[in-house]
Amino acid sequence: MKLALIGYGNVGRALARLVAAKRREFPFTITGIHTLRHGTAIDPGGLPLDPPFGPRAPTIEAFFEAAGAEIAVELTTLNPSTGEPAMAHILAAFARGMHVATANKGPIAHAYAALREEAARAGVGFRFESAVMDGAPVFNLWRGCMPGVKVLGFAGSLNSTSKVAIETMERGGSFEDGLSAARQMGITEADGAYDIEGWDSAAKTAALANVLMDARTTPLAVGTRGIGRLTPERVREIARQGKTVRLISRARMTASGIALRVRAEVLDRGDILAAAPGTSNVLLFHTDLMGTFGTVSIEPGVEQTAYGVFSDLVNLSGGGAKPYNRQ
Ligand SMILES: NC(=O)c1ccc[n+]([C@@H]2O[C@H](COP(=O)([O-])OP(=O)(O)OC[C@H]3O[C@@H](n4cnc5c(N)ncnc54)[C@H](OP(=O)(O)O)[C@@H]3O)[C@@H](O)[C@H]2O)c1
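Parameters at a glance
- Each chain has its residues counted from 1, running along the sequence as written.
- Selection of residues for local features in this predicted model requires a pLDDT of at least 70, selection of side-chain atom pairs for listing and counting requires 80 or more, and totals for whole chains, interfaces and linings are taken over all residues.
- The side-chain values count all of the structure's non-hydrogen atoms but skip hydrogen atoms and water molecules.
- Helix numbering and strand numbering both begin at the N terminus, where a helix is a DSSP run of H or I of at least 4 residues and a strand a DSSP run of E of at least 2.
- Radius of gyration here is computed from C-alpha atoms only, and the compact-globule reference equals 2.2 Å multiplied by the residue count raised to the power 0.38.
- Only protein chains enter the accessibility calculation, which uses a 1.4 Å probe. A residue is then buried if its area is under 20% of the maximum for its type, exposed if over 50%, and partly exposed in between.
- In what follows, a contact means two residues having at least one pair of non-hydrogen atoms within 4.5 Å.
- Note on areas: these come from Shrake-Rupley sampling with a 1.4 Å probe, and a residue is covered only by the protein chains present in the view.
- This count recognises Lys and Arg as positive and Asp and Glu as negative, with His and chain-terminal groups excluded.
- To locate a charge, take NZ of a lysine, CZ of an arginine, CG of an aspartate or CD of a glutamate.
- To be near a molecule or strand, a residue needs just one of its heavy atoms within 4 Å of it.
- Polar contacts, as used here, are pairs of N or O atoms within 3.5 Å; protein pairs need one atom able to donate a hydrogen and one able to accept it. Residues neighboring in sequence count only if both atoms are side-chain atoms.
- Ten residues, namely Ala, Val, Leu, Ile, Met, Phe, Trp, Tyr, Cys and Pro, are considered nonpolar, four, namely Asp, Glu, Lys and Arg, are considered charged, and the remaining ones, Gly among them, are considered polar.
- Helix span, as expected, comes to 1.5 Å for every residue beyond the first.
- Here, any two strands with at least 2 DSSP bridges between them count as paired.
- With the strands pointing away from the viewer, any crossover whose connection runs clockwise from the first strand over the helix to the second is right-handed.

> Please set out the overall build of the protein chain residue by residue, giving values where relevant.
Along its length, the protein chain carries 12 helices and 12 strands. At 20 Å, the protein chain has a C-alpha radius of gyration in line with the 20 Å of a compact globule built from 327 residues. Counting only C-alpha atoms and orienting by the principal axes, one finds that the protein chain spans roughly 60 × 45 × 40 Å. Evaluated residue by residue, the protein chain yields a buried proportion of 53% over its 327 residues. Of the contacts formed within the protein chain by residues at least 6 apart in sequence, a portion of 69% connects residues at least 24 apart. Surface exposure of the protein chain reaches about 14400 Å², of which carbon and sulfur atoms provide 52%. Positive and negative side-chain charges of the protein chain, numbering 34 and 31 respectively, have mean locations separated by a distance of 3 Å.

Put into structure tokens, the structure is as follows:
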């Protein structure tokens, strides 16, 4: 199947490497790449990992027309306060009858219900496994393994950058040292303030609530406080008490609706939400039939984000189910 990539940064390039490595088993071909500043690259026969970029296609429609692909892969920069331009890219793809895979949580956080309905109207698939917790199954787990289960709430330590910043301060570094360490790992949003002020977590919280609980909310409705006011002194004082700080996303059903919040919480070191180190993420689902259970991803990197998108591509192309009798 042919792929049109919108965005070719950390995730786009990691995905292109993975597609190239798995081409024998999964014959995907990247026929177009569209970026903001680098321009547009097109080759109906398949682009190399370092493609020659020409002038930028004037519109997203012109790019899709030139790429001639069946699947649009939306990997542009997150804008947590609007979800754009990703939302417009996704709608343009649906309008052409293209399936869409994205790692961009903005559209899921802002307009999941409308996008799901639009995809259904167009008769195409819409997948976004990497939008929360990189490639670790969250949405696929819910979709495939939890029939009849109602999600009543969730709690998650979902922002890697804030955790790297806190752990750096615990080891004696400054806030800025932590932020630049996270940036070097390629895990920080283009605007690092989104991670620190809690916007990334608010977008993940809204995205999870929209998909798992049909909340029809946006990040603006998530009560959010980031870690911007944490000082190294305060972090080390908490550490001396055997505790740590994590930016925690929480959702719960209340009599007046679904309550959503993001807070820097002081947790015991043994708390399951605090236990996983570095870039690791933890998400606990609170449910009616399965009680509380969760998913953990230990030290994921951009390759795992790329894998989440890859799993979407495989599912969209109809090759998702494992042949159990041929392991
Ligand atoms: N990095 C991670 O570990 C991770 C994990 C989970 C989810 N995500 C999500 O994945 C997405 C991509 O992340 P990333 O780290 O790859 O970002 P990135 O390195 O900043 O790359 C963003 C890419 O989007 C392009 N772009 C921006 N605006 C565009 C527009 N209007 N039209 C076309 N292209 C546009 C940029 O073009 P130029 O190259 O020309 O600037 C760049 O190629 C984000 O939404 C992020 O939230 C990332």
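> How would you sum up the site of the ligand? Please name residues and give values.
Contacts to the ligand come from 26 residues, most closely from Y8, V11, R37, T76 and E189. A distance of 3.0 Å separates an oxygen atom of the ligand from a polar backbone atom of N10. Alone, the ligand offers 910 Å² of accessible surface; in the complex the protein occludes 88% of this. For the shell around the ligand, the class distribution of residues is 8 nonpolar, 13 polar and 5 charged.

> Which residues make up helix α12 (residues 302–316), and what are the values?
Owing to its 3.6 residues per turn, the α-helix brings residues three or four apart onto one side. Across its 15 residues, α12 extends 21 Å between first and last C-alpha, which sits within 8% of the 21 Å expected from 1.5 Å per residue. Within α12, burial applies to V302, T305, A306, G308, V309, F310, S311, D312, L313, V314 and L316. In this structure, the buried side of α12 is in contact with β1 (2–6), α1 (10–21), β4 (71–74), β5 (99–102), β6 (126–127) and α5 (139–145).

> Mind laying out the pairing of β5, listing which residues take part and the relevant values?
Side-chain alternation along β5 places H99 and A101 on one buried face and V100 and T102 on a second face that is also buried. Where β4 meets β5, 4 bridges bridge the pair, whose relative direction is parallel. If you follow V73 over to β5, its bridge partner there is A101. The handedness of the β4 to β5 crossover, carried by helix α3 (residues 86–95), is right-handed. For β5 and β6, the ladder comprises 2 bridges, and the chain directions are parallel. Residue pairing in the sheet places V100 in a bridge with F126 of β6. The handedness of the β5 to β6 crossover, carried by helix α4 (residues 105–122), is right-handed.

> How would you summarise the environment of G32 if you had to cite specific residues and measurements?
Within the secondary structure, G32 sits in strand β2 (residues 29–34). With sequence-adjacent residues up to four places away left out, G32 is seen in contact with L3, A4, L5, A41, I42, L47, F63 and A67.

The analysis is restricted to geometry; functional conclusions fall outside its scope.
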